[in-house]
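Secondary and tertiary structure notes
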Protein chains: 2
Amino acid sequence: MANDFSITPWKVEGTVDYDVFLKDSGISRIDDQLKTRIAKYTGASHFMIRREIYYAHRDLNWLLDQYEKGNPFYIFTGRGPSGGMTIGHLMPFVLAQWLQEKFGVDVYIQMSDEEKYLSKKDPNVTLEDIHKIGYENMLDIVSLGFKQSKTKVFFDTDNAKTLYKNAVRVAKHITFSTVKDAFGFGNDMNIGLIFYTSMQAAPAFLKSVEEHKNVPCLVPLAIDQDVHLRLARDVAPKLGYYKPALIHSKFLPGLDGSSKMSSSDKNNTIYLTDTEEEVRVKINRALTGQQATAELQKKYGGNPDKCVVCQYYKYFFEPDDKKLNGIFEAERNGSMLAGEHKKHLAETINAFLKKHRQKKEIYRKKIDKYIVVD
Amino acid sequence: MANDFSITPWKVEGTVDYDVFLKDSGISRIDDQLKTRIAKYTGASHFMIRREIYYAHRDLNWLLDQYEKGNPFYIFTGRGPSGGMTIGHLMPFVLAQWLQEKFGVDVYIQMSDEEKYLSKKDPNVTLEDIHKIGYENMLDIVSLGFKQSKTKVFFDTDNAKTLYKNAVRVAKHITFSTVKDAFGFGNDMNIGLIFYTSMQAAPAFLKSVEEHKNVPCLVPLAIDQDVHLRLARDVAPKLGYYKPALIHSKFLPGLDGSSKMSSSDKNNTIYLTDTEEEVRVKINRALTGQQATAELQKKYGGNPDKCVVCQYYKYFFEPDDKKLNGIFEAERNGSMLAGEHKKHLAETINAFLKKHRQKKEIYRKKIDKYIVVD
C-alpha cells in the first residue's frame, strides 16, 4: 500500500503518519515499561521521551541490558552541515546531551560535510563553504552543554584517515541494489553519495575499533535517518561488531503545521540565527488550532493538537508538564487568544535564542578541545 | 562490432589487439616524431618507447609543450597491492623511474589497498593483510631506483585525509551510469568499488591542490587502467585542473603466450619472489616460436614474434637493441635451440631477481623516508 508521505534523509514529503512509519520500518514503540526502565537509570525521565516525541527505538532494551551488565554504551549522532540550522535540528543533540549527563557516557558527533557537498545541486558551493558552515553548526551543537572530556566532534573530511578505512569495510557489504532500494537512488546518482552511507555507518562501531573490544552504541536520530542506520545495523555484525541501538524522534513541525520544519522553507522555520523581529513575524503567521474569530474561540475553544504554538511548547520550549498542560488548557478553553499565545511563544523562543548565542560565544573559545582531527 | 578480447582493470580476457584497443579508446599512437621529441629532452630514448611497448598516449605533446614553456610536470602511477607481484607489474615503474631521472620530476605512487580489499571475493582477507602485502610491493617498486627527495609513496587508507576530500570533489561529477558503462558494473557491485575510481583520480591533480596552481601530470600505465584515468580526465577540467596526460604500455605476455602475465595464473607468471629453480622450471615450459623438433628448427628457423623467450628480452630484459637483434636473429635462423635459449633467459631473470632482492633490502632501511602518511 502506498503511503501519503515519503521520507528520505534528504526530503520529507506529505503528512507523516508516525504509526505507519513505525510499522513499515519494523521499529519498536517506546512503551511505558521502557520509559520507566530508562527513568530507572537516569533518575528522571526526559520530557521528549515522556511525551513520545522520541517515540520509537531499535534494541534499546538490549542496550540497557548491556549497561546493567557493566558494559556501558557510547552515543553517536551527527549533522549534515547547513547554513540554516533550525530549532528542529537541535532535537537529537538535546537528547544526546541529556543522555551523556545521565549515563555519564561518551558522545561522538559526526559533521558530514561531504554529504552536504555531494547533495548540493548548486555548482558554486564548495567543500570549504560547507566546512565553514559546519564549524558554526558544531558550535550550536556543543553549546547545548556537552562535556568536553566525554565528547568528540569531527568533520568527515578532516577525520577521513580514520573513517574511510572503516567505511571501506562497511562498503564491501553493501551493493548498489541495496542503496538504490534504501534511498531510492537512480543510475544518475553521483558515486560519492552512493558511497556515503558507509561513512555514516563507520562511527557506529568506531569506539569498538579504537578500544579493540565490542562497545555498544546508541544513536538518537530523527526518523529520516533510520535508513542509514538500518544499513549500518545490517553490516555491523558481519564485521564482528554490535548493531547500534537507535532511538527515534518525530519531526518538529513547520510553522504552517507541515510535518517537518524544513531548512529550505524559510517562512515556516525558526533558524538559530533569526533576529527577535524575525521570530515575532514568523510566529505571528504560525498556524494555530483556534477558531476563525476571537468570539468563536472564546465560545468554543481551540485544538492544541493542531496548534503549532502549543506543539512548539510540547516539543521543545516547555519541559514542565504542568505548565504545558496549562498552555494546552488555555488553548482548549478559549481563555488565551492567538495573539497573546503567539506573543508568549515568540518571547520564549527569543529568550532561548539569546541565551543560546551567549553560550555559543563561550564555547567558541574552547571548541578546539572538542574537535578531533586525524 | 564486438572484440575478441575484453579489458577491465580487474581482468583481461582473450587475445588483445593493441591497434583495435587504440582505435576503440580514442588514444593516440606514439609515432616517430613523438619518439624523437621525447628523446630530445631525455638525451636518449627508452627501449620500451623505442620498441613501442609504450605505444600510445593521451596529450603527451601538450605535456611536452608545457615542459618547454617552463611548466614541468609530475608523474603519478600506482599499484593495487597483491601478494603475487610479477615482472609485468614493474613495467609502469621502470618507465616512471626513467622519466624521473631524465626530466628531474617528482613522482607520486599510490598504493590502492582499499581497491584490492574491495575487489577480493575471499571474506578472510583483511585490509591489514593487503596493507602488509602492499608494504612489500612498495619496496619492490621503490627499489627500481626512485629518488627519495622526489618521490612520495602512499597507501590510500593512510592518506585518506588528503585523498578522500579530493575524491569527493571528483565523485560529485561521476554517476553510477558512468561507472556502470566504464567498468561494466552491475547493480550487485559493492559501493566501495563504485566510489573507488574517484580515489584513483585524486592524485592526478593532487600536486595542483598542494601548490595552489595548475601542475601538469603524466601517468605511465598499462592499457587496462586507461578507463580510470579517462574518468579522471573528464572530471579534472570541471574542478579547474589540467587533464592528466597518459602514456600507455602493452602487457608483458604470459609464459604461454597469452596476452597478459596474470598474477592469478601461477604457471605462466614470473613472480618477484620466485626461486631460481622455479624460474628455470617455468621458463622451460614457456612457449617459443620454434619448430616442433630441433632438426626442423635448425632447417627452417623460428618466429621471434611468437616466441615468449624473445619477447621477454624485448619487453624487459635486453635494453640493448643490437643484442636484442642478435637474439631475434638466432631464433630466426635456427642457430639457437629452445633449450639453450631458455637457459639464457632463466639465467638473465635470476640475475635480475637476485640483484632486485639485494636492492630491496637496502631500500627497506630507508623506505620510511618515501612514505607519506596523513
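**Focus: the interface of chain A and chain B**
Taken together, the contact pairs 36 residues of chain A with 36 residues of chain B. Summing both partners gives a buried area of about 3,300 Å² for chain A against chain B, and 63% of it is carried by carbon and sulfur. Contact with chain B buries surface across chain A, with Y164, K172 and I191 of chain A losing the most and accounting together for 25% of the total. Between the two partners, chain A and chain B, sit four salt bridges. On inspection of chain A and its partner chain B, the count reaches 18 residue pairs in polar contact (both at pLDDT 80 or more). Those elements that provide at least two residues to the side of chain A that touches chain B are α6 (113-119), α7 (127-142), α8 (160-171), α9 (176-183) and α10 (191-201) of chain A.

**Some remarks on the relation of the copies chain A and chain B**
Here chain A sits on chain B after a turn of 180° about the axis and a move of 0.0 Å along it, with an RMSD of 0.0 Å. Such values leave the two copies arranged in the relation of a two-fold axis. Closest to the rotation axis within chain A is the C-alpha of K161 of chain A, separated from it by 2.4 Å. Interface residue correspondence from chain A to chain B reaches 100%, placing this contact among same-surface, isologous pairings.

**Description of the confidence of the model for chain A**
Mean pLDDT for chain A: 96, with 99% of residues reaching 70 or above. Both scores are available for the predicted complex, with the pTM at 0.95 and the ipTM at 0.94.

**Considering the domain arrangement of chain A**
Residue and element names in this part refer to chain A. Domain boundaries assigned for chain A yield domain 1 (6-250) and domain 2 (266-361). Once you take the C-alpha centre of each, domain 1 and domain 2 turn out to be 29 Å apart. With 18 residues of domain 1 at the interface, the matching set in domain 2 holds 19 residues. When domain 1 packs against domain 2, the two sides together hide about 1,700 Å² of surface, and 63% of this comes from carbon and sulfur. In this structure, the connection of domain 1 to domain 2 is made through four salt bridges. Between D140 and K360 there is a salt bridge, with its nearest N and O atoms 3.3 Å apart. For the interface between domain 1 and domain 2, the tally reads 12 residue pairs in polar contact (both at pLDDT 80 or more). Put simply, the parts of the chain that give the side of domain 1 that touches domain 2 at least two residues each are α3 (47-50), α5 (91-103) and α7. By residue class, the composition of the side of domain 1 that touches domain 2 is 10 nonpolar, three polar and five charged.

**Re the pattern of salt bridges**
Residue and element names in this part refer to chain A. Under the criterion given, the structure shown has 52 salt bridges over all chains. Note that R233 and D59 form a salt bridge whose closest N and O atoms lie 3.0 Å from each other. Here R233, found in helix α12 (residues 226-235), pairs with D59, found in the loop between β4 (54-58) and α4 (60-68); they are 174 residues apart in sequence, far enough to count as distant. On the accessibility criterion, R233 (10% relative accessible area) is buried.

**Describing helix α1 (residues 18-25) of chain A**
All names here are of chain A. For α1, the complete set of buried residues consists of Y18, F21, L22 and S25. Projected down its long axis, α1 shows its buried positions confined to an angular sector of 100°, all on one face. Pointing more than 90 degrees away from the buried face of α1 are the exposed residues K23 and D24. In the core, the buried residues of α1 are packed alongside β1 (6-8), β3 (28-29), β4 and α12. Among the residues trailing α1, G26 stands out with phi positive, at a value near 70°.

**A word on helix α7 (residues 127-142) of chain B**
When the terminal C-alpha atoms of α7 of chain B are compared, their 22 Å separation across 16 residues agrees well with the 22 Å that a helix rising 1.5 Å per residue should span. Taken residue by residue, α7 of chain B has L127, I130, G134, N137, M138, L139, D140, I141 and V142 of chain B as its buried positions.

**Thoughts on the packing of helix α9 (residues 176-183) of chain B against helix α12 (residues 226-235) of chain B**
Residues and elements named next belong to chain B. The interhelical angle for the contact between α9 and α12, taken along N-to-C directions, is 150°, at an axis separation of 10 Å. The pairing of α9 with α12 is recorded here as roughly antiparallel in orientation. The chirality of how α9 crosses α12 is right-handed. Here T178, V179, A182 and F183 of α9 come into contact with α12, specifically with V227, H228 and L231. By residue class, the composition of the contact of α9 with α12 is five nonpolar, two polar and no charged.

**Some words on the sheet that holds strand β8 (residues 217-222) of chain B**
Residues and elements named next belong to chain B. One open sheet holds the seven strands; their spatial order is β3-β4-β9-β8-β5-β6-β7, and the pairing between them is mixed. Strand pairing shows two members of the sheet lacking a second neighbour, β3 (28-29) and β7 (151-155), which therefore form its edges. Relative to strand β4 (residues 54-58), β3 is paired through two bridges, and the arrangement is antiparallel. Bridging across to β4, S28 finds its partner in H57.

**Topic: the sheet that holds strand β7 (residues 151-155) of chain A**
In sheet architecture, strand pairing relies on hydrogen bonds along the backbone and comes in two forms, parallel and antiparallel. All names here are of chain A. Read across the sheet, seven strands follow the order β3-β4-β9-β8-β5-β6-β7 without closing on themselves; strand pairing throughout is mixed. Here the strands that pair on one side only, and so sit at the sheet edges, are β3 and β7. Bridge analysis of β4 against strand β9 (residues 245-249) gives four bridges, and the strand direction is antiparallel. Bridge pairing links R58 to L246 in β9.

Thresholds, definitions, all that
- Residues numbered from 1 in each chain as written.
- Chains lettered and ligands numbered in written order.
- Predicted model: local features only at pLDDT ≥ 70, side-chain atom pairs only at ≥ 80, totals over all residues.
- Heavy atoms only, no water.
- Contact = heavy atoms within 4.5 Å.
- Buried area = accessible area lost by both parts, 1.4 Å probe.
- Salt bridge = Lys/Arg side-chain N within 4 Å of Asp/Glu carboxyl O.
- Polar contact = N/O pair within 3.5 Å; in protein donor to acceptor, adjacent residues only side chain to side chain.
- Helix = DSSP H or I, 4+ residues; strand = E, 2+ residues; numbered from the N terminus.
- Least-squares fit on C-alpha atoms with pLDDT ≥ 70 in both.
- pLDDT = per-residue confidence, 0-100.
- Domains from an automatic or database assignment.
- Nonpolar A, V, L, I, M, F, W, Y, C, P; charged D, E, K, R; others polar.
- Buried < 20%, exposed > 50% of the residue type's maximum accessible area, 1.4 Å probe, protein only.
- Arc of directions from axis to C-beta.
- Expected span 1.5 Å × (residues − 1).
- Axes fitted to C-alpha atoms, helices over the stretch in contact; angles between N-to-C directions.
- Parallel < 35°, antiparallel > 145°, perpendicular 65-115°, else oblique.
- Left-handed = near helix turned anticlockwise from the far one by under 90°.
- Pairing = 2+ DSSP bridges.

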